2 protein chains.
Amino acid sequence: MRVYNFSAGPSMLPLPVLEKVQKALLNYDNTGMSVMEMSHRSKPYEAINAKAEDLLRELMGISSQYAVIFVQGGASTQFEAIPLNISKSKKADYVVTGIFSEKAYKEVQKFTSAKVIASSKDKNFSYIPKIEKSVITPDADYMHICYNNTIVGTRFRSPVDTGDIPLVADMSSMILSEEVDVSKFGVIYAGAQKNLAPAGVTIVIVKRELAENPSPQCPTMLKWKTQIEQNSLYNTPPAFSTYVAMEVMQWLKELGGVKAIQKINEEKANMLYDFIDNSKFYNNGVEKEFRSLMNVPFVSPSADLDDTFVKEAGKNGLLTLKGHRLVGGMRASIYNAMPVDGVKSLIEFMKKFENDN
Amino acid sequence: MRVYNFSAGPSMLPLPVLEKVQKALLNYDNTGMSVMEMSHRSKPYEAINAKAEDLLRELMGISSQYAVIFVQGGASTQFEAIPLNISKSKKADYVVTGIFSEKAYKEVQKFTSAKVIASSKDKNFSYIPKIEKSVITPDADYMHICYNNTIVGTRFRSPVDTGDIPLVADMSSMILSEEVDVSKFGVIYAGAQKNLAPAGVTIVIVKRELAENPSPQCPTMLKWKTQIEQNSLYNTPPAFSTYVAMEVMQWLKELGGVKAIQKINEEKANMLYDFIDNSKFYNNGVEKEFRSLMNVPFVSPSADLDDTFVKEAGKNGLLTLKGHRLVGGMRASIYNAMPVDGVKSLIEFMKKFENDN
């Protein structure tokens, strides 16, 4: 029996996609082979690769001013790739709104002179700080934000107005979950393992001019330019992950695209936040305006009860609800592939658990 | 209908493994979820990760002196990771025996003072050069070789005796295909998409002391040390590829391990080389002693006939036989997962094609 898996990532994939992938696993589209076995220089794989890019462009409204590449290494590799690719003044501004944006900031020290210009660490990352124009470094190469903070459950509600400075956003945990105006960004990057595909492929959407002058220090494999020029086929790509991403995007398109899934995501999130807010047993400490649509952390009255909650939920087919080790409590990650019924089941369980304890 | 796929990589996977993976695709080992959806911090995935390492250690006889990590980025990323991880004298020796070892040499220029100490380029890479002790740089950080040359179809027959200098080998296209004495090497690395798994995971086997002092320039995600300390779970790993690698290694173990598959590989290769050598129609230009067990390039009497051969073979369920664009002709890659019957079918077709033309 399939469970509801609230993992923060890797996480649930849409069941119809999994079924389609399963059916084609030994013989994709009458090629007589699995996508896993397919040369990345073959026509069927080139079609998959091109379709994945086309679908992403269509779903996100990405103009031809931007290049789209599918690479390896995860968002963590992009932390360092960013200053190695965009390196003019060797200055960069960071907004620290959670564990990963802090990590991104710490990782770049050896490649650029990075500065934290705003942070919400003072209140345990429970809000998104306002970024005054006056704090922005006038000649910064870029400003980096993490659009949705997986661990603490916050999100930006709109792109930061950075003037002429390119805005770089880690969208790993919210890509394709709500509408975003790509033209406001210089670079968008995202590990695929939350809303898109099995782990192993990372999406980079970059304004072409920003990829033109990588630092001489930049390893070839971290250069965006390398993969842009080769349509992400400079070396053997993580083909199976890209293929599943393509199928997930096809599923999303048929569902009505990002607008449609955003509505469902808001419905799921509102249902859960409303239940928590109306309960005296559960609590979510995030300022309402900045609550994530994707990751909902919450606590019960005690750490002991939290442990029991996670165990009991697991027995009821509601898996991976333990909060991040740095935060504790519970966290329900309700990405695109989490059905409304999954959230309803969680709420039913939460009610029962509250009554029993 | 499944075909015989002679692709140089990604390439065939063992049918029993594909069937097992297909069966478990929606629900792995009663977890209620696909491995693609599984948190990399969960017990079931940690078990997969540990088992993959254990199986590799067992199959290759890797001692505890060596660390084993599963990383992203392909062998191409390791080209640059090597000098960034092993950087004492900033000198390195390269043996150039094909397109990829040449690429590896070219890629490292910005990180180390690399020198080609032997090459077979003079004869189109049709042999493996003898490496005299006198040409080795006495204080080189390492010597780099490519153990099997996928494009040209040659292989080393034994590790180079480098004295105290660590021998670094790209084994992407022959790992687990024949017995190798790991203790003769400082570093072994291999993209998994030929003998092991779908593309997306790369194996690095490194003598622990060689990972201790990376260059300050080395990006965190390219540091072996980062992943060694975290059991390859520093960031989200390419979990599905590692899982399939684990199943492939389990299959290989049940088959009798590397010794057993080497016998089968020798049988397949000998059958094909013998047929080619006894034919006046086909030719393989590689010196017999250095012929690859994995990649068998050959030509017919003309480039036109080569084209026809590839097309006709395709119609007969023998796929991806076109030689690399830099070499032309045909190439049959006959990795571990290629059944003996696949090679027999190819030879039957070659006979027929010769008679018809």
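It should be emphasised that the depicted structure is a prediction, and the values quoted were computed from it without experimental measurement. (Residues numbered from 1 in each chain as written. Chains lettered and ligands numbered in written order. Predicted model: local features only at pLDDT ≥ 70, side-chain atom pairs only at ≥ 80, totals over all residues. Heavy atoms only, no water.)

(A) Main features of the interface of chain B and chain A. On the side of chain A, 59 residues touch chain B, which itself brings 59 residues to the contact. Taken as a group, Leu26(B), Met36(B) and Glu37(B) account for 15% of the area that chain B buries against chain A, more than any other trio of residues on that side. Where chain B packs against chain A, one counts two salt bridges. Across the salt bridge formed by Glu37(B) and Arg2(A), the nearest N and O atoms sit 2.7 Å from each other. Those elements that provide at least two residues to the side of chain B that touches chain A are helix H1 (15–23), helix H3 (74–85), helix H4 (99–107) and helix H6 (239–255) of chain B. Ranked by the residues each element gives to the side of chain B that touches chain A, the list is headed by H1(B), at six residues. (Contact = heavy atoms within 4.5 Å. Buried area = accessible area lost by both parts, 1.4 Å probe. Salt bridge = Lys/Arg side-chain N within 4 Å of Asp/Glu carboxyl O. Helix = DSSP H or I, 4+ residues; strand = E, 2+ residues; numbered from the N terminus.)

(B) Focus on the pattern of salt bridges. All names here are of chain A. Taken as a whole and judged by the stated rule, the model has 34 salt bridges over all chains. Note that lysine 91 is salt-bridged to aspartate 139, the shortest N-O span being 2.9 Å. Highlighted residues: lysine 91 in strand E3 (residues 91–96) and aspartate 139 in the loop between strand E4 (113–119) and strand E5 (142–146), separated in sequence by 48 residues. Taking the relative accessible area as the measure of exposure, lysine 91 reaches 32% and is therefore partly exposed. (Buried < 20%, exposed > 50% of the residue type's maximum accessible area, 1.4 Å probe, protein only.)

(C) Molecular detail of the relation of the copies chain B and chain A. Once chain B has been moved 0.0 Å along the axis and rotated by 180°, it coincides with chain A to within an RMSD of 0.0 Å. Here the two chains are linked by the operation of a two-fold rotation axis. A shared interface surface links the copies, since 100% of the contact residues of chain B are contact residues in chain A too. (Least-squares fit on C-alpha atoms with pLDDT ≥ 70 in both.)

(D) The arrangement of the environment of Gly32(B) in detail. With respect to the helices and strands, the residue Gly32(B) is situated in the loop between H1 and helix H2 (43–60). Each residue touching Gly32(B), except ones within four places of it in the same chain, is listed here: Met1(A), Arg2(A), Val3(A), Leu26(B) and Asn27(B).

(E) Examining the environment of Thr31(A) more closely. With respect to the helices and strands, Thr31(A) occurs in the loop between helix H1 (15–23) and helix H2 (43–60). The class for Thr31(A) is buried, based on a relative accessible area of 18%. Through-space distance from the C-alpha of Thr31(A) to that of Pro44(A) is 7.9 Å; in sequence the pair is 13 residues apart. Once residues within four sequence positions are removed from consideration, Thr31(A) is found in contact with Met38(A), Pro44(A) and Val3(B).

(F) Representation of the nonpolar core in the model. Grouped together as the largest cluster of nonpolar side chains are 200 residues, with contacts concentrated most on Phe309(A) and Phe309(B). Beyond its immediate sequence surroundings of up to four residues, Phe309(B) is in contact with Tyr282(B), Phe298(B), Leu321(B), Met330(B), Leu346(B), Phe349(B), Met350(B) and Phe353(B). Formed by 52 residues, the second largest nonpolar core is a distinct cluster that contains Ile82(A), Ala104(A), Ala75(B) and Ala104(B). (Core = buried A, V, L, I, M, F, W, Y, C linked by side-chain atoms within 4.5 Å.)

(G) Main features of the sheet that holds strand E5 (residues 142–146) of chain B. Residue and element names in this part refer to chain B. Spatial ordering of the open sheet is given by E2-E10-E9-E8-E5-E3-E4, a layout of seven strands whose pairing is mixed. The sheet is open, and its two edges are formed by strand E2 (66–71) and strand E4 (113–119), each paired on a single side. Ignoring strand direction, the axes of neighbouring strands in this sheet form an average angle of 20°. Strand direction decides the pairing type here: strand E3 (residues 91–96) and E5, joined by three bridges, are parallel. Among the inter-strand pairings, aspartate 93 is bridged to a residue of E5, identified as methionine 143. Lying over the sheet, H3 contacts E2, E5, strand E8 (167–170), strand E9 (187–191) and strand E10 (202–207), oriented at roughly 155° with respect to E9. Its contacts with the sheet place H4 against E3, E4 and E5, and it is angled at close to 160° to E3. (Pairing = 2+ DSSP bridges. Axes fitted to C-alpha atoms, helices over the stretch in contact; angles between N-to-C directions.)

(H) Up close: the packing of helix H8 (residues 303–315) of chain B against helix H9 (residues 340–356) of chain B. All names here are of chain B. Taken N-terminus to C-terminus, the directions of H8 and H9 make an angle of 130°; their axes are 11 Å apart at the nearest point. In terms of their interaxial angle, H8 and H9 are classed as oblique. For the pair H8 and H9, the crossing hand works out as right-handed. Along the contact surface, H8 presents Leu305, Thr308, Phe309, Glu312 and Ala313, while H9 presents Leu346, Phe349, Met350 and Phe353. Residue composition of the contact of H8 with H9, grouped by class: seven nonpolar, one polar and one charged. (Parallel < 35°, antiparallel > 145°, perpendicular 65-115°, else oblique. Left-handed = near helix turned anticlockwise from the far one by under 90°. Nonpolar A, V, L, I, M, F, W, Y, C, P; charged D, E, K, R; others polar.)

(I) Quick peek at the packing of aromatic side chains. A full pass over the atoms with the stated rule returns 33 aromatic pairs over all chains. Summarising the aromatic geometry, the rings of Phe309(B) and Phe353(B) are spaced 5.1 Å apart at their centres and angled 80° between planes, so their arrangement reads as edge-to-face. You can see Phe309(B) sitting in helix H8 and its partner Phe353(B) sitting in helix H9, a full 44 residues away along the chain. Of the two residues, Phe309(B) and Phe353(B), neither departs from the other in class, the shared state being buried. An aromatic cluster of at least three residues, connected via ring pairs, comprises Phe275(A), Phe281(A), Tyr282(A), Phe298(A), Phe309(A), Phe349(A) and Phe353(A). Sitting above the plane of the Tyr127(A) ring, Lys123(A) keeps its charged end 5.7 Å from the centroid. (Phe/Tyr/Trp six-rings, centres within 6.5 Å; stacked < 30°, edge-to-face > 60°. Lys NZ or Arg CZ within 6 Å of the ring centre and 35° of its normal.)

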